[in-house]
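Here's the letter readout for the chains.
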Amino acid sequence: MHALGEVIQVVNSSVDLETVLTTIVVKATQLSGTDAGAIYVFDDVSQEFRLRATYGLPDSIVAEIRDGKIRVGQTAISEAVERRTPIQIADALDDPSVTSM
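Residues numbered from 1 in each chain as written. Predicted model: local features only at pLDDT ≥ 70, side-chain atom pairs only at ≥ 80, totals over all residues. Heavy atoms only, no water.

### Notes on the pattern of salt bridges
Enumeration over the complete set of coordinates arrives at four salt bridges. Between R50 and D43 there is a salt bridge whose closest N-O contact spans 3.8 Å. On the accessibility criterion, R50 (37% relative accessible area) is partly exposed. According to the relative accessible area criterion, D43 is partly exposed, its value standing at 26%. The closest approach of N and O atoms between E48 and R50, which form a salt bridge, is 3.2 Å. For E48, a relative accessible area of 4% translates into the label buried. One salt-bridge network, held together by shared partners, links D43, E48, R50 and R71. (Salt bridge = Lys/Arg side-chain N within 4 Å of Asp/Glu carboxyl O. Buried < 20%, exposed > 50% of the residue type's maximum accessible area, 1.4 Å probe, protein only.)

The following block contains the structure:
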């Protein structure tokens, strides 16, 4: 509940989307006990997911992910969207559905 309160406080006090998304990914990563996390947004025009916020990822990985194109139907991310349910991936580096962009 404390983490949710912090996110709500940032949402209410900031008009900067980057700040809000970064706070959300930080808290979600911490609460889930994972090493890193990322938030993507969907661009309706290009039909692609675009990386918007990360936490715990090395800059080299972020740069590689940011340069990749994730389209509907091609990756685990798009699968989660199509199913409208979250998915959990034990090790994103070893899962081809994550890295096949």
